[in-house]
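Breakdown of the fold
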Amino acid sequence: MTAEAEYAAVPISVTVNGVKHDAVVEPRTLLVFFLRDSLGLTGTHVGCDTSQCGACTVHLNGRAVKSCTVLAVQANGAQVRTIEGLANGDHFHPVQQGFHEKHGLQCGYCTPGMIMTAVHLLESQPNPSDDEIKHALEGNLCRCTGYVNIVESIKWASEKMRKS
Amino acid sequence: MFPASFGYIAARSVEEALQLVAKHGEEGKLLAGGHSLIPAMKLRLASPRMLIDLGTVRGLSGIRVDDGHLIIGALTVHADVAASDLVRKHMPGLADAASVIGDMQVRNRGTIGGSVAHADPAADLPVILTALNASFVAQSSNGRRVLGADNFFTDFFTTAMTANEILTEIRVPIPANGTGTAYAKLPHPASGYVVVSAGALISRQASGTCAAARIAIGGLGSGPVRASATEIELQGKPLTPQLIAAAAAKAADGSDPDDDAYASADYKRHVATIYARKAIEAAIGRARN
């Protein structure tokens, strides 16, 4: 077998934010680069690139995952949701609104990942305690705002989502 | 950062995966959740030429009861082990361990079978599964072998499985009434990996006497090590605070850990006695007659 054939690109079909995308990818393509470079969805950030920082967090079949540590081929047939898929037209998702209201960001680099993790948390646990929020954010690093306002933002969103 | 080029095949069955493993030999590598393998490939510590994906094989994940055991499919992710009612009811020590692996996103992708087969000496699950006397089902084209935890983790990143076998399920005996299980871990402050950890299974008779004890320690060697001196000290005696302290003090007996950049060998041996005591106390606290 030639090297070319052995490393053959693989056809995949991934539904991202409700839109189905058919593509042919090199097996080593990481999901985060598929989203950013092939689909132009640059809201998902690459931070540490070593599955520590969580800036690349997206939802894969409803669960928060680090898209720098998932191969695009592993998302074949899956539903992916990114930060671009949260707002409903001009209306922010409550977690996005919470980060706005409570100033849960400074430079904003970690924010898409923080928000995607928080959305997953609140979808599985609508009324988390402060400790549960902090535990859920263990895999998301912020290097400027600090976490106090991020926790406040998520608490604000939790309340808003439970009232609506 | 991205891995060296490789080929990819999504296996549709264990049988097909076994054929692919045989075909590609040492150039092939099985992919489960990928949360150890993909980082290693990105760092070019591993450069397999062919990835054989088990994530596309149906029936390899899930938790069920069979013949006095919990049967956990190899592709079951840590988050599902941690949240499982069956696990929390019968062996909360396993839920303890699954819930402190990495972080939430890692637990949503990483699998129990991947962690066991990878056999990282700083991993959580090998330690608690040794304390729980789990066994591992290795399937090959010749049939299946059931390998006990005590003889499974043979060296750093090395198990008793052969290259032509696939780990398909983990079998954990459901502890009898009066038994408690627990896991306690000192994580590295940056990586979250185990510096030292302890898994405990303690059976307590209604009289308060220790009927059985299995204690495993992580971080002291190439894999989990049984704290045999601690187990012997507890066996058949009333579980008083004095006995627990005396037994836990022997948790590092016979071990010979290495110094590393974070912790000296002496420190690890000392911390092992502390975490053994925490795990034993928590296990006893959960034992219900």
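These numbers were taken from a predicted model, which means no experiment stands behind them.

**Structural notes on the overall build of chain B**
Helix and strand counts for chain B stand at 11 helices and 14 strands. Compactness check: chain B gives a C-alpha radius of gyration of 19 Å against a globular reference of 19 Å for 289 residues, within 12% of the reference. The C-alpha extent of chain B, read off along each of the three principal axes, is 60 × 45 × 35 Å. Relative to its 289 residues, chain B shows a buried fraction of 55%. Taking the intrachain contacts of chain B between residues at least 6 apart in sequence as the baseline, contacts between residues at least 24 apart amount to 65%.

**Considering the confidence of the model for chain B**
Residues at a pLDDT of 70 or more form 100% of chain B, whose mean pLDDT is 97. Taken together, the chains of this predicted complex give a pTM of 0.96 and an interface ipTM of 0.95.

**Remarks on the domain arrangement of chain B**
All names here are of chain B. Taken domain by domain, chain B consists of domain 1 (7–53), domain 2 (63–173) and domain 3 (182–286). The straight-line distance from the C-alpha centre of domain 1 to that of domain 2 is 19 Å. Contacts between domain 1 and domain 2 engage 11 residues on the former and 17 residues on the latter. If one sorts the elements of the side of domain 1 that touches domain 2 by residue count, helix H1 (residues 14–24) sits on top with 5 residues. Looking at the side of domain 1 that touches domain 2 residue by residue, the class counts come to 7 nonpolar, 4 polar and no charged.

**Description of the domain arrangement of chain A**
Residue and element names in this part refer to chain A. Domain annotation for chain A reports domain 1 (3–85) and domain 2 (94–163). Computed over C-alpha atoms, the centres of domain 1 and domain 2 are 23 Å apart. In this complex, domain 1 contributes 15 residues to the contact, which on the side of domain 2 involves 11 residues. Take the side of domain 1 that touches domain 2: its biggest share by element is 3 residues, from strand S3 (residues 57–60).

**Re the sheet that holds strand S5 (residues 79–81) of chain A**
All names here are of chain A. If you walk across this open sheet you meet the 5 strands as S2-S1-S5-S3-S4, and the pairing is mixed. On the outer flanks of this sheet lie strand S2 (19–25) and strand S4 (63–66), each paired with one strand and no other. Ignoring which end each strand starts from, the neighbouring axes of this sheet average 40 degrees apart. With 7 bridges joining them, strand S1 (residues 10–16) and S2 adopt antiparallel strand pairing.

**Describing the sheet that holds strand S3 (residues 50–53) of chain B**
Residue and element names in this part refer to chain B. On the basis of which strands lie adjacent, the open sheet formed by 3 strands has the order S1-S3-S2 and parallel pairing. The open sheet has two free edges, formed respectively by strand S1 (7–10) and strand S2 (28–31), since each of these has just one partner strand. For this sheet the average axis-to-axis angle between neighbouring strands, irrespective of direction, equals 25 degrees. Packing of H1 onto the sheet brings it into contact with S1, S2 and S3, and relative to S2 it is tilted by some 150 degrees.

**Things to note about the interface of chain A and chain B**
Taken together, the contacts link 25 residues of chain A with 22 residues of chain B. A breakdown of the residues in the side of chain A that touches chain B according to their chemical character gives 11 nonpolar, 8 polar and 6 charged.

**Regarding the environment of Leu39(A)**
Residue and element names in this part refer to chain A. Within the element layout of this structure, Leu39 appears in the loop between helix H2 (31–38) and S3. Residue Leu39 is classed as partly exposed on the basis of its C-beta count, with 18 C-beta atoms lying within 10 Å. With 82 residues separating them in the primary sequence, Leu39 and Leu121 have C-alpha atoms 26 Å apart.

**Looking at the packing of helix H10 (residues 241–248) of chain B against helix H11 (residues 265–286) of chain B**
Residue and element names in this part refer to chain B. At a minimum axis separation of 8 Å, H10 and H11 run at an interaxial angle of 140 degrees. It follows that H10 is oblique to H11 by the angle criterion. In the crossing of H10 with H11, the sense of the turn from one axis to the other is right-handed. Residues Ile244, Ala245 and Ala248 of H10 lie in contact with H11, whose contacting residues are Thr273, Ala276, Arg277, Ile280 and Glu281. Classifying every residue of the contact of H10 with H11 by side-chain character gives 5 nonpolar, 1 polar and 2 charged.

Conventions we followed
- Residues numbered from 1 in each chain as written.
- Chains lettered and ligands numbered in written order.
- Predicted model: local features only at pLDDT ≥ 70, side-chain atom pairs only at ≥ 80, totals over all residues.
- Helix = DSSP H or I, 4+ residues; strand = E, 2+ residues; numbered from the N terminus.
- Rg over C-alpha atoms; globule rule 2.2 N^0.38 Å.
- Buried ≥ 20, exposed ≤ 12 C-beta atoms within 10 Å, placed from the backbone.
- Contact = placed C-beta atoms within 7 Å.
- pLDDT = per-residue confidence, 0-100.
- Domains from an automatic or database assignment.
- Nonpolar A, V, L, I, M, F, W, Y, C, P; charged D, E, K, R; others polar.
- Pairing = 2+ DSSP bridges.
- Axes fitted to C-alpha atoms, helices over the stretch in contact; angles between N-to-C directions.
- Parallel < 35°, antiparallel > 145°, perpendicular 65-115°, else oblique.
- Left-handed = near helix turned anticlockwise from the far one by under 90°.

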